[in-house]
Amino acid sequence: MILIRRTLIACAVGASLLASGLASAQDIKPRLIRFGYGLNEQSNQGRATKVLAAEIEKLSGGKMKLRAIGAAALGSDVQMQQALIGGAQEMMVGSTATLVGITKEMALWDTPFLINNAQEADAILDGPVGDRVRNKLEEKGLVGLVYWENGFRNLTNSKRAVVKLEDMDGIKLRVMQNNVYLDSFKTLGANAVPLPFSELFSALETKAVDGQENPYNTILSSKFYEIQKYLTVTNHVYSPWIVLASKKWWDGLSKDEKAVLMSAAKTSRDFERKDTRAEATKALEDLKAKGMQVNVLSAAETARMRDKLTRINAGIASNVGMDLWQDTQAELARLRAKK
Ligand code: TK8
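The rules we used
Residues numbered from 1 in each chain as written. Predicted model: local features only at pLDDT ≥ 70, side-chain atom pairs only at ≥ 80, totals over all residues. Heavy atoms only, no water. 1 Å grid on protein atoms, 1.4 Å probe; cavity = no way out; pocket = protein on both sides within 12 Å on 5 of 7 lines; lining within 4 Å. Points joined across faces, edges and corners; volume = space filled by probe spheres on them. Nonpolar A, V, L, I, M, F, W, Y, C, P; charged D, E, K, R; others polar. Helix = DSSP H or I, 4+ residues; strand = E, 2+ residues; numbered from the N terminus. Salt bridge = Lys/Arg side-chain N within 4 Å of Asp/Glu carboxyl O. Buried < 20%, exposed > 50% of the residue type's maximum accessible area, 1.4 Å probe, protein only. Arc of directions from axis to C-beta. Contact = heavy atoms within 4.5 Å. Polar contact = N/O pair within 3.5 Å; in protein donor to acceptor, adjacent residues only side chain to side chain.

A. Up close: empty space enclosed by the protein. All chains considered together, the criterion is met by three cavities of 30 Å³ or more. The computed volume of the largest cavity comes to approximately 200 Å³. Leu-39, Asp-77, Ser-95, Phe-197 and Trp-241 are the residues nearest the centre of the largest cavity, which is lined by 21 residues in total. Among the residues forming the lining of the largest cavity, the class breakdown is seven nonpolar, eleven polar and three charged. By volume, the second largest cavity is sized at about 70 Å³. Taken together, Asp-110, Pro-112, Val-180, Tyr-181, Ser-184, Phe-185, Leu-188, His-236, Val-237 and Leu-309 make up the full set of residues lining the second largest cavity. A total of four residues in the lining of the second largest cavity trace back to one element, the largest contributor, which is helix α6 (residues 179-187). In the lining of the second largest cavity, the residues fall into seven nonpolar, two polar and one charged.

In structure tokens, the structure reads:
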């Protein structure tokens, strides 16, 4: 009898210990953040994601944990955006161009030849113009934290070297899922087809499309050199990425948690831009070494390209709003006059 009693007491004590053990284990269980991205782990996107994860872990003292999932394993940019809006996924990084269907002001970043160099990119994206565009996301269920650099986009294809504009005639060119890109490349004579990035490699490999356009870094990290012979340096647009959070989820975070994420996002941005720029300066040589045939579009042909594409600008301006368009032009003029 005494033995039974002792055992019962021991069990009760054991159970309560277990319960309190569980409770404290729950207290320290980190807040898990599923963070999706489209490129592979070895890319500039993958490297900056690691910095973001480490910074969040450090600043939160291990209370928040980023689970990074690359190579579009959580879906294409567009699919992830929808998952964030619905609250099924917490965070992602992806192209601003695929957000235009949600927030029309994002089309500003698709303006051909809008930004001339890295200094202008930083000043515009991190300044009032960039903030204005970023903040527009909130009413659509997204929070834009910071812009990362995707970079200046260049043209690749498997058909022929593009030396003059006419060489683009009939080239089946994959573009991002975005009307500005679609119109731009149709205007230039290409047969533009919108496709998610996650389907691009196999579309190029099977020759469903002949070409695509992306920064050097991506042509390298996604191994497009294996299936694309020709690279034409066009620098036709500066393309940003944006780090996003689900607003549904964000609204449930504490002030401290939001501050951790914002600060970590800024650290990741500063790293990402430096890292991307360093890689871009070497990437062209790497791509040549991998066997790509590279040509730089001449100044005269670039001028023709610009000229044709100014037709697109009026449409972008009315899409993003005349006010934002004019403020951007004024800000750029101010930056250019400073020099
Ligand atoms: C990766 C994309 C990519 C973009 C594209 O998910 O789609 O061409 O440049 O970086 O966001």
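B. Inspection of the pattern of salt bridges at higher detail. Tallying each qualifying case throughout the model produces 25 salt bridges. For Arg-132, the salt bridge identified is with Asp-323, shortest N-O distance 3.5 Å. Taken together, the residues Arg-132 in helix α5 (residues 128-135) and Asp-323 in helix α12 (residues 322-338) connect sequence positions 191 residues apart. Its relative accessible area of 34% is what places Arg-132 among the partly exposed residues. Between Arg-153 and Glu-213 there is a salt bridge, and its shortest N-O distance comes to 2.7 Å. Of the two residues, Arg-153 is situated in the loop between β4 (142-152) and β5 (154-157) and Glu-213 in strand β8 (residues 211-214); the sequence distance between them amounts to 60 residues. Several salt bridges share partner residues, and in doing so they unite Asp-122, Asp-126, Glu-149, Arg-269, Asp-270, Arg-273 and Arg-277 into one network.

C. Spotlight on helix α4 (residues 118-126). Where α4 is concerned, the buried positions are Ala-118, Glu-120, Ala-121, Ile-124 and Leu-125. The buried residues of α4 occupy one face: seen down the axis, they fall within an arc of 155°. Tucked inside the fold, the buried residues of α4 contact α5, β4, β10 (238-246), α10 (255-289) and α12. Where α4 begins, the side chain of Asn-117 points an oxygen toward the backbone nitrogen of Gln-119, at a separation of 3.2 Å.

D. Spotlight on the side chain of Ser-76. Relative to the elements of secondary structure, Ser-76 occurs in the loop between β2 (64-69) and α3 (77-86). In contact with Ser-76, other than residues within four places in its own chain, are Pro-196 and Ser-198.

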